[in-house]
Amino acid sequence: MTTELKTGGQHGYLRIATEEAFATEEQLDAILRLVKEGRADKGTVSLWGFYGTSPSERTTFIRERLLDLGELRLAAMDEAGIDKAVLALTSPGVQSMFDLDEARGIAARANDHLAAACERHSDRFIGMTAICPQDAEWSAQELKRGKEELGFVGVQVNSHTHGHYLDEEQFDPILRACADMDIPLYIHPQGPPDEMIGGMVEAGLEGAIFGFAVETSYHALRLLTTGVFDRYPSLKLVLGHGCEGLPFWIDRFNYMFNAGVRSQRYDRLKPLQHSLHHYLRTNVWGTNSGLPSPASIKLMMEVMGEDRVLYAMDYPYQYVPDEVRLLDAIDISPEQKVKFFQTNAEALFGL
Ligand code: CA
């Protein structure tokens, strides 16, 4: 396929890519220092030990592209016909770090750096706030600053924080801030925590190939099954990678959740106000980052509703312009295509 991809709505829609990554030098330096000192978890050692130091063509490309919020990125967007990119500090953000002063500082400076780039290229770049879930009260304040002062439209949390999950009480200020200020919460993967990773590294399966989805879908399912959306009915959760598989599994989740509640086997499984399907179709949005699959996208639309499925490229990790051509040709209606590429993102993020 060689048709030229253009920005500007050549097919009747703008293309808004909603899970695009950047990094800062000090973020990568801090993560690599943890890896070197033997203090990072196994997932981080595997991922950043590789991306941070390997001299291969792919990793060099990715490091250079992550650090750029200017011409390289804009040229790549032009070449792939991407009109706008929703940008977030790359996984694991600052969530692997132990020194809270350092972690908060790196997140806040990344937010300032991103806000400046969004201002320079206000027609192309849209920002999401980086937070430091290790300090939930600070994170709630940073969410406010992100929304009110920096013009950001969401927050990216890179799944677990040292093996802890957002349904746990210490993170409540973050959920409350997202719900109160109408800030979509994008849960993006990172490597599974050491308690979960088992033999995945040895098998070569802990990363984006599999471990990411296992751990992030587990995180999302914890939010669904422990009543987070009964507590915060307006909370908006966004998941990448085909909604991390949730739409495929939802009937089984719901059936077995109800069986688990009836059995009274588990302290944390209590009756909810609605079925799990309800929360999936009311509180959750899904993107196709890393999954340019027409079958998966159509399944998401059928199960979640066509207003809840968004386009994402996952630049620079999966920069494949041919995937854009493939999705331009997906056999859904023209109206659904406009929603998928453009208007669902505009509605969710208030663009
Ligand atoms: Ca990603």
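None of the values given here were measured: they were computed from a predicted structure.

Q: Is there a simple way to think about the sheet that holds strand E1 (residues 16–22) in this case?
A: Strand pairs in the sheet, formed through backbone hydrogen bonds, run parallel or antiparallel to each other. Taken together, the three strands give an open sheet; going across it, the order is E1-E2-E3, and neighbouring strands pair in parallel fashion. Each end of this open sheet is capped by a strand with a single partner; those strands are E1 and strand E3 (125–127). Strand after strand, the sheet turns through a mean of 35° between neighbouring axes, direction not considered.

Q: What am I meant to see in the nonpolar core here?
A: Nonpolar side chains in soluble globular proteins generally cluster together in the buried interior. By size, the foremost hydrophobic cluster in this structure holds 96 residues, and its most contacted members are Leu143, Leu166, Leu185, Leu237, Tyr311 and Met313. Considering each element in turn, this core owes the most residues, eight residues, to helix H5 (residues 100–120). Beyond its immediate stretch of four places on either side in the chain, Leu185 contacts Val155, Val157, Leu166, Leu175, Cys178, Lys236, Leu237 and Val238. Ranked by size, the runner-up nonpolar core spans 13 residues in total, among them Met128, Val238, Leu348 and Phe349.

Q: I would appreciate a short explanation of the coordination of the calcium ion in the present structure.
A: For the calcium ion, the full set of protein donor atoms is Glu19 (OE), His188 (NE2) and Asp314 (OD), and the range of their distances to it is 2.1 to 2.4 Å. Summarised as a motif, the one-chain spacing of the donors to the calcium ion is E-x168-H-x125-D. Remark: Asp314 occurs in the loop between strand E9 (309–310) and helix H14 (321–328) and His188 occurs in the loop between strand E6 (185–187) and helix H8 (194–197); sequence separation between them is 126 residues. In this structure, His188 and Asp314 share a single accessibility class: buried.

Q: Mind showing me how you'd approach empty space enclosed by the protein here?
A: In this approach a probe as big as a water molecule rolls over the atoms, and the regions it shows empty are the leftover space. A complete count under the given rule lists three cavities of 30 Å³ or more for this structure. Volume-wise, the largest cavity comes out at about 60 Å³. Every element with two or more residues in the lining of the largest cavity is listed here: E1, helix H4 (71–80) and strand E2 (84–89). Across the lining of the largest cavity, the residue classes break down as nine nonpolar, no polar and two charged.

Criteria and cut-off values
Residues numbered from 1 in each chain as written. Predicted model: local features only at pLDDT ≥ 70, side-chain atom pairs only at ≥ 80, totals over all residues. Heavy atoms only, no water. Pairing = 2+ DSSP bridges. Helix = DSSP H or I, 4+ residues; strand = E, 2+ residues; numbered from the N terminus. Axes fitted to C-alpha atoms, helices over the stretch in contact; angles between N-to-C directions. Core = buried A, V, L, I, M, F, W, Y, C linked by side-chain atoms within 4.5 Å. Buried < 20%, exposed > 50% of the residue type's maximum accessible area, 1.4 Å probe, protein only. Contact = heavy atoms within 4.5 Å. Donors = N, O, S within 2.8 Å, 3.2 Å for Na, K, Ca; no water. 1 Å grid on protein atoms, 1.4 Å probe; cavity = no way out; pocket = protein on both sides within 12 Å on 5 of 7 lines; lining within 4 Å. Points joined across faces, edges and corners; volume = space filled by probe spheres on them. Nonpolar A, V, L, I, M, F, W, Y, C, P; charged D, E, K, R; others polar.

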